[in-house]
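Coordinates in review
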Amino acid sequence: MNLKDRNFLKLLDYTPDEIRYLVDLSARLKEEKKKGIAHDVLRGKQIALIFEKTSTRTRCSFEVAAHDLGMHATYLDPASSQIGKKESIADTARVLGRMYDGIEYRGFGQEIVEKLAEHAGVPVWNGLTNEFHPTQMIADMLTIKEKLGRLENIRFVYMGDARYNMGNSLMVTCAKLGFDFVACTNQKYFPEDGLVETCRKIAGETGGSITLTDSVEDGCRDADVIYTDVWVSMGEPDAVWKERIQDLLPYQVNAKAFSYAKENAIFMHCLPAFHDLETSIGKDVHERFGLSEMEVTDEVFESARSVVFDEAENRMHSIKAVMYATLHGE
Ligand code: CP
Ligand code: NVA
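To keep things clear, this report deals only with the structure shown in the data block. (Residues numbered from 1 in each chain as written. Chains lettered and ligands numbered in written order. Predicted model: local features only at pLDDT ≥ 70, side-chain atom pairs only at ≥ 80, totals over all residues. Heavy atoms only, no water.)

**Some words on the pairing of strand β2 (residues 72-76)**
The condition is simple: Strand pairing is defined by DSSP finding a minimum of two bridges between the two strands. Helix and strand assignments come from DSSP, with helices taken as H or I runs of at least 4 residues and strands as E runs of at least 2, each series counted from the N terminus. Seen with its strands pointing away from the viewer, a crossover is right-handed when the path leading from the first strand over the helix to the second is clockwise.
Relative to β2, strand β1 (residues 46-51) runs parallel, the two being bridged by five bridges. For Leu49, the partnering residue across the bridge sits in β2 and is Tyr75. Viewed along the sheet, the connection from β1 through helix α2 (residues 57-68) into β2 turns out right-handed.

Below is the structure:
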């Protein structure tokens, strides 16, 4: 397997074997790090991290992973570069491509990261767009493999806003790996028809399936994994909160949803999560709408089923694997 010089923009571009390879490489790099075995094989290389939206996990993962691989990273924050305001993406790509060996982009439309990749001449990694969040997928699959011991015969249930970056990416990844993917949500939040059709075609080849349902009982029955994400994503207007809460509260991940799942089913979330009142947005929503927890109850979030912090740690190991594979090869 050699992924050198490839972009990492969305998992639709990767084969099931390539995805499994990146998961296994993440596990190997994780083990090496735990054992104190250095893997700074990319010494002297430079990467640029473009963030047009905020981040904790993704930014820190790229920075720590780059350092572990011997690289230096430059962070460009949402406000202080020329990107988009004074300089086009194509021009930015051609400038950064002269200075850096790889470029991460987090921002808005998928077409922006695709354009960056078209012009950069070096590998470009998608650190989240409105449509996809592919580095999160490798971390999530590593976490499932660690917790459930396999990456096959998984009934994977996604609750909440299934038509945005997390729902889309998970549906694609599950289809590629032959999982039974269920989007369990209000019909308004089902993934877009074209992507569902594409994923059904892929699932037809891998032995997986795609189900869309608005029944929590049917959706969560026999689940191995129940996954959710915030109801309002970065870049969406504040005005959508009221409708989202009304539409998605029935699809909150709570003890009732888990009562239909398998006994050893796990809870996953890409984070950050609104499960208590310890955030300013959480407090604001509480004042305006009276909710003290949103997409997941604090009970589930803090339970033994919840693997969210292992999942967060795995972001670093898997982002390291993506950079290693595309810059170093095997
Ligand atoms: N899960 C995730 O991408 O987190 P950040 O927004 O903190 O990077
Ligand atoms: N759907 C979320 C994911 C955050 C990691 C967002 O786009 O804000």
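**Observations concerning the packing of helix α6 (residues 165-176) against helix α7 (residues 193-206)**
Just so we agree on the cut-off: Helix axes use the C-alpha atoms of the stretch in contact, all axes being lines fitted to C-alpha atoms, and the angles between their N-to-C directions lie in the range 0 to 180 degrees. Under this scheme an angle from 65 to 115 degrees is roughly perpendicular, one under 35 degrees roughly parallel, and one over 145 degrees roughly antiparallel; angles in between are oblique. Left-handed is the label given to a crossing in which the near helix is rotated counterclockwise from the far helix by less than a right angle, and right-handed is the label when the rotation is clockwise. Note on contacts: a residue pair qualifies if any of its non-hydrogen atoms lie within 4.5 Å across the two residues.
Contact geometry of α6 with α7 gives a least axis separation of 7 Å together with a crossing angle of 20 degrees. As judged from the angle between their axes, α6 and α7 are roughly parallel. Seen along the crossing, α6 lies across α7 with a hand that is left-handed. Residues Asn168, Met171, Val172, Ala175 and Lys176 of α6 form the contact with α7, whose participating residues are Leu195, Val196, Cys199, Ile202, Ala203 and Thr206.

**Considering unusual backbone geometry**
Glycine aside, a negative phi is what most residues show, and trans is what most peptide bonds show. With an omega dihedral of 0 degrees, the bond running from Leu271 to Pro272 counts as a cis peptide bond. If you trace the backbone, Pro272 turns up in the loop between β9 (266-269) and α11 (280-289). Despite not being glycine, Leu271 has its phi angle at roughly 65 degrees, a positive value. Mapped onto the secondary structure, Leu271 falls in the loop between β9 and α11.

**Here's the deal with the sheet that holds β2**
Across the sheet, four strands lie side by side as β2-β1-β3-β4; this open sheet has parallel pairing. Across the chains shown, the open sheet's two edge strands, defined by having one partner strand only, are β2 and β4 (124-126). Geometrically, the sheet is characterised by an average inter-axis angle of 20 degrees between neighbouring strands, direction not taken into account. On top of the sheet, helix α3 (residues 89-99) reaches β1, β2 and β3 (102-106); it is set at about 150 degrees to β1, its chief contact.

**So, the site of ligand 1**
The condition that has to hold: What makes a residue near a molecule or strand is one non-hydrogen atom of that residue sitting within 4 Å of it. In protein, a polar contact means a hydrogen-donor-capable atom and an acceptor-capable atom, both N or O and within 3.5 Å, with residues adjacent in sequence counting only if both atoms are side-chain atoms; elsewhere, any N or O pair within 3.5 Å suffices. Only the protein chains shown count as covering a residue, and every accessible area follows the Shrake-Rupley method with a 1.4 Å probe. Three categories are distinguished: nonpolar for Ala, Val, Leu, Ile, Met, Phe, Trp, Tyr, Cys and Pro, charged for Asp, Glu, Lys and Arg, and polar for the others, with Gly belonging to the last.
Ligand 1 sits among Ser55, Thr56, Arg57, Thr58, Arg106, His133, Gln136, Cys270, Leu271 and Arg315. Here a nitrogen atom of ligand 1 and a backbone polar atom of Leu271 are 2.9 Å apart. Considered on its own, ligand 1 offers 260 Å² of accessible surface; in the complex 95% of this is hidden by protein. Within the shell around ligand 1, the residues separate by chemical class into two nonpolar, five polar and three charged.

**Here we look at the packing of aromatic side chains**
Put simply, the test is: In summary, the pairing rule links any two rings of Phe, Tyr or Trp, Trp by its six-membered ring, whose centres are within 6.5 Å, and it sorts them by plane angle into stacked for under 30 degrees, edge-to-face for over 60 and tilted for everything else. A ring has a charge above it when a Lys NZ or an Arg CZ is no more than 6 Å from the ring centre and no more than 35 degrees off the ring normal.
Counted according to the given criterion, the structure contains eight aromatic pairs. Sitting over the face of the ring of Tyr14, Arg6 holds its NZ or CZ atom 4.3 Å from the ring centroid. Over the face of the ring belonging to Tyr75 we find Arg59, whose NZ or CZ atom lies 3.5 Å from the ring centre.

**Notes on the environment of His67**
Note the following rule: Any residue under 20% of the maximum accessible area for its type is buried, any over 50% is exposed, and the rest in between are partly exposed; the area is computed with a 1.4 Å probe on protein chains only.
Within the fold, His67 resides in helix α2. Its relative accessible area of 62% is what places His67 among the exposed residues. Between the alpha carbons of His67 and Leu42 there is a distance of 9.3 Å; along the sequence they are 25 residues apart.

**Comments concerning the sheet that holds strand β8 (residues 225-228)**
With parallel pairing, five strands are arranged side by side in an open sheet as β7-β6-β5-β8-β9. At either margin of the open sheet sits one strand with a lone partner, and together these are β7 (209-213) and β9. Geometrically, the sheet is characterised by an average inter-axis angle of 20 degrees between neighbouring strands, direction not taken into account. Strand direction decides the pairing type here: strand β5 (residues 155-159) and strand β6 (residues 180-184), joined by five bridges, are parallel.

**Comments concerning the nonpolar core**
The nonpolar side chains of soluble globular proteins are, as a tendency, buried together. The condition is simple: What makes a nonpolar core is a set of buried Ala, Val, Leu, Ile, Met, Phe, Trp, Tyr and Cys residues whose side-chain atoms join them at distances within 4.5 Å.
Judged by nonpolar contacts, the single largest core of 63 residues is most densely connected at Ile47, Ile144, Phe156, Leu170, Phe179, Phe181 and Met323. If you tally residues by element for this core, the top one is helix α13 (residues 308-327), at eight residues. Residue contacts for Ile47: discarding those within four places in its chain leaves Phe62, Ala66, Met71, His72, Ala73, Thr74, Tyr100, Gly102, Trp125, Met323 and Leu327. Ranked by size, the runner-up nonpolar core spans 22 residues in total, among them Val182, Ile226, Ala257 and Ala312.

**Section: α3**
Residues separated by three or four positions in an α-helix point in the same direction, a consequence of the helix having 3.6 residues per turn. What counts, and what does not: Taken from the helix axis, the directions to the C-beta atoms give the arc we talk about.
For α3, every residue scored as buried is listed here: Ile89, Ala90, Thr92, Ala93 and Leu96. Across the axial projection of α3, the buried residues extend over an arc of 155 degrees, all falling on one side. Residues of α3 that are exposed and point more than 90 degrees away from the buried face comprise Arg98 and Met99. On the buried face of α3, the contacting elements are β1, β2, β3 and α4 (110-120).

**Description of the packing of helix α1 (residues 16-34) against helix α5 (residues 134-148)**
Across the interface, α1 lies against α5 with an axial gap of 9 Å and an inter-helix angle of 70 degrees. Of the possible angle classes, the one that applies to α1 and α5 is roughly perpendicular. Of the residues in α5, those in contact with Ile19, Leu22, Val23, Asp24, Ser26, Ala27 and Lys30 of α1 are Ile138, Met141, Leu142, Lys145 and Glu146. In the contact of α1 with α5, the residues fall into seven nonpolar, one polar and four charged.

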